[in-house]
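So you can see what is in the structure, the chains are spelled out below.
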Amino acid sequence: MKLEYMVVDVFTSTRFGGNPLAVVFDADDLTTEQMQTVAREFNFSETSFVLAPKDANNTAHVRIFTASIEMPFAGHPNVGTAYALATRNEHHVEEMLFEEKAGLVSVRIAYDGDALSHTSIVAPLPLSVLQSLTCEEIAAVLSLHEADIITLTHPPQIASVGAEFIIVEVENRDCLKKIRFDFSAAERLNVPPSCDAIYVYTRDTDTVIADTDVERDWTARMFAFEEIPYEDPATGSASGAAVALVASLGVAPKNGDVYCLSQGVDMGRPSELYVRMLGEGVNARAEISGKTVTVMQGEIEI
């Protein structure tokens, strides 16, 4: 069996920046085990598989895998998959709807003349807030001092708009740069199995990290709880959860305002993400946007 694939870099307009993603098309005949094997072969933070929709009114059924598990929802795979599908289409497609484990993901494609400009997705679920954690245990995970953890807006908190993350604010960029993830300390955290990543941000931002002069609202890093901790260059689902969390506390932008976030700077893959809250209150949704660029395409034989 031969299937077409495309590799794209998401949340950047510069190749070899942002977050790489492999998109495998027409994957209906693959088993779950085969999808997991292919994702392990690409070995990116995620690989997405495009299948025919279960409901003909939707664009596609999209399944997302890390190298080890299937994800219910993730930000950069949706942005990148929508871009990949749009570039294969001869006509300007401005809206898509993806079926995923976490629910339906709404997509908008923006164009600058004939060129695709950027892609926006709406998280499938409103904000849910789970347990909080202590500064002491989070400082141990990040190899920081307790005083480096900021709690004026929120304590270290598990939050989700489709995928769960521990959201942590730190004092400044120096704190962010000196993080050294401690797997054994992370393993000791009393968190649900569905929460296996930590997103750390600071409002002390880099001046220019990509190819624009847009003012950033914060800079972040994200670590997955693996035996070899994996740092992600750009995490749309975590960014959406973090902005939704602080928005719910009256700190982040109100309905319609946009936050510009940078990530991946400290690992040499600078990324730029935009998050806008749609609506207010318990039903508000996070819209996550960014640019994508094609890196390579070809066939994979299975």
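What counts and how
- Residues numbered from 1 in each chain as written.
- Predicted model: local features only at pLDDT ≥ 70, side-chain atom pairs only at ≥ 80, totals over all residues.
- Heavy atoms only, no water.
- Helix = DSSP H or I, 4+ residues; strand = E, 2+ residues; numbered from the N terminus.
- Rg over C-alpha atoms; globule rule 2.2 N^0.38 Å.
- Buried < 20%, exposed > 50% of the residue type's maximum accessible area, 1.4 Å probe, protein only.
- Contact = heavy atoms within 4.5 Å.
- Areas by Shrake-Rupley, 256 points an atom, 1.4 Å probe, with all protein chains shown as cover.
- Phe/Tyr/Trp six-rings, centres within 6.5 Å; stacked < 30°, edge-to-face > 60°.
- Lys NZ or Arg CZ within 6 Å of the ring centre and 35° of its normal.
- 1 Å grid on protein atoms, 1.4 Å probe; cavity = no way out; pocket = protein on both sides within 12 Å on 5 of 7 lines; lining within 4 Å.
- Points joined across faces, edges and corners; volume = space filled by probe spheres on them.
- Polar contact = N/O pair within 3.5 Å; in protein donor to acceptor, adjacent residues only side chain to side chain.
- Core = buried A, V, L, I, M, F, W, Y, C linked by side-chain atoms within 4.5 Å.
- Disulfide = S-S within 2.5 Å.
- Salt bridge = Lys/Arg side-chain N within 4 Å of Asp/Glu carboxyl O.
- Pairing = 2+ DSSP bridges.
- Arc of directions from axis to C-beta.

Caption draft 1: Molecular detail of the overall build of the chain. Looking only at helices and strands, one finds six helices and 19 strands in the chain. For a compact globule of 302 residues, the expected C-alpha radius of gyration is about 19 Å, and the chain comes in at 18 Å, within 12% of that figure. C-alpha extents for the chain along the principal axes are approximately 55 × 40 × 35 Å. Across the 302 residues of the chain, 55% fall into the buried class. Taking contacts inside the chain between residues at least 6 apart in sequence as the whole, the part at least 24 apart equals 64%. Of the roughly 13,100 Å² of accessible surface on the chain, a fraction of 47% belongs to carbon and sulfur atoms.

Caption draft 2: A look at the packing of aromatic side chains. Using the criterion set out here, one finds eight aromatic pairs in the structure. Ring geometry for F181 versus F223: centroids 5.8 Å apart, planes at 25°, classification stacked. Here F181, found in the loop between α4 (173-177) and α5 (183-187), pairs with F223, found in strand β14 (residues 218-224); they are 42 residues apart in sequence, far enough to count as distant. Residue classification places F181 among the buried residues on the basis of a relative accessible area of 16%. Each ring, one from W218 and one from Y259, has its centre 5.2 Å from the other, and the planes form 85°; the classification is edge-to-face. With W218 in strand β14 and Y259 in strand β16 (residues 258-263), this pair connects stretches of sequence that are 41 residues apart. The same class applies to W218 and to Y259, which are both buried. Ring-pair connections join several aromatic residues into one group, and the members of that group are Y199, Y201, W218 and Y259. Of note, R88 hangs over the ring of F25, and the distance from its end group to the ring centre comes to 3.8 Å.

Caption draft 3: Geometry of the layout of surface pockets. Roughly 540 Å³ of internal volume is contained in the largest pocket. The wall of the largest pocket is formed by 28 residues, among which S45, T66, M71, A224 and E226 lie closest to the centre. If you list the elements that add at least two residues to the lining of the largest pocket, you get β5 (70-71), β12 (164-170), β14 and β15 (230-232).

Caption draft 4: Layout of the side chain of T219. Within the secondary structure, T219 is located in strand β14. Residue class for T219 comes out buried when judged on its relative accessible area of 1%. Within the structure, the side chain of T219 is placed 3.0 Å from the side chain of S262, a separation counted as a polar contact.

Caption draft 5: Just the nonpolar core, in detail. Judged by nonpolar contacts, the single largest core of 56 residues is most densely connected at M96, F98, V107, I167, Y199 and W218. Sequence-distant contacts of Y199, defined by excluding residues within four places in its chain, comprise I166, I167, V168, W218, A220, R221, M222, A238, S239, A242, L261 and Q263. One finds L176, F181, C195 and F225 within the second-largest nonpolar core, a separate group that totals 24 residues.

Caption draft 6: Here's a closer look at unusual backbone geometry. At N43, a residue that is not glycine, the phi angle is positive and equals roughly 60°. With respect to the secondary-structure elements, N43 resides in the loop between α1 (32-42) and β3 (47-51). A relative accessible area of 53% places N43 in the exposed class. Non-glycine residue S143 carries a positive phi angle of around 60°. Accessibility expressed as a relative area gives 40% for S143, which makes it partly exposed.

Caption draft 7: Spotlight on the state of the cysteines. Counted by the stated rule, this structure contains zero disulfides. The cysteine C195 is free of any disulfide, with C135 supplying the nearest cysteine sulfur at 16 Å.

Caption draft 8: Structural detail: the side chain of T292. Secondary-structure assignment places T292 in strand β19 (residues 292-301). Beyond its immediate chain neighbours, meaning those up to four positions away, T292 contacts V8, D9, V10, F11, T12, V79, G80 and Y83.

Caption draft 9: Broad picture of the pattern of salt bridges. Evaluation of the coordinates by the stated rule reveals 10 salt bridges. Here the salt bridges do not stand alone but share partners, grouping R63, E70 and K101 into one network.

Caption draft 10: Highlighting the pairing of strand β11 (residues 157-160). Where burial is concerned, the two faces of β11 agree: the one with Q157 and A159 and the one with I158 and S160 are both buried. One ladder, built from three bridges, connects strand β9 (residues 128-132) with β11; its direction is antiparallel. Paired with S132 across the two strands is Q157, which belongs to β11. Sheet topology note: the β11/β12 ladder contains four bridges and is antiparallel. Bridging across to β12, Q157 finds its partner in I167.

Caption draft 11: Inspection of α1 at higher detail. Among all positions in α1, only M35, Q36, V38, A39 and F42 are buried. For α1, the arc enclosing every buried residue in end-on projection is 160°, short of the 170-degree limit, so these residues lie on one face. Opposite its buried face, α1 presents the exposed residues E33 and E41, each directed more than 90 degrees away. Those residues of α1 that are buried lie in contact with β1 (2-10), β2 (19-24), β3, β4 (60-65), β5 and β19. Phi turns positive one or two residues past the end of α1, at N43, with a value near 60°.

That's the geometry; what it means functionally is another story.
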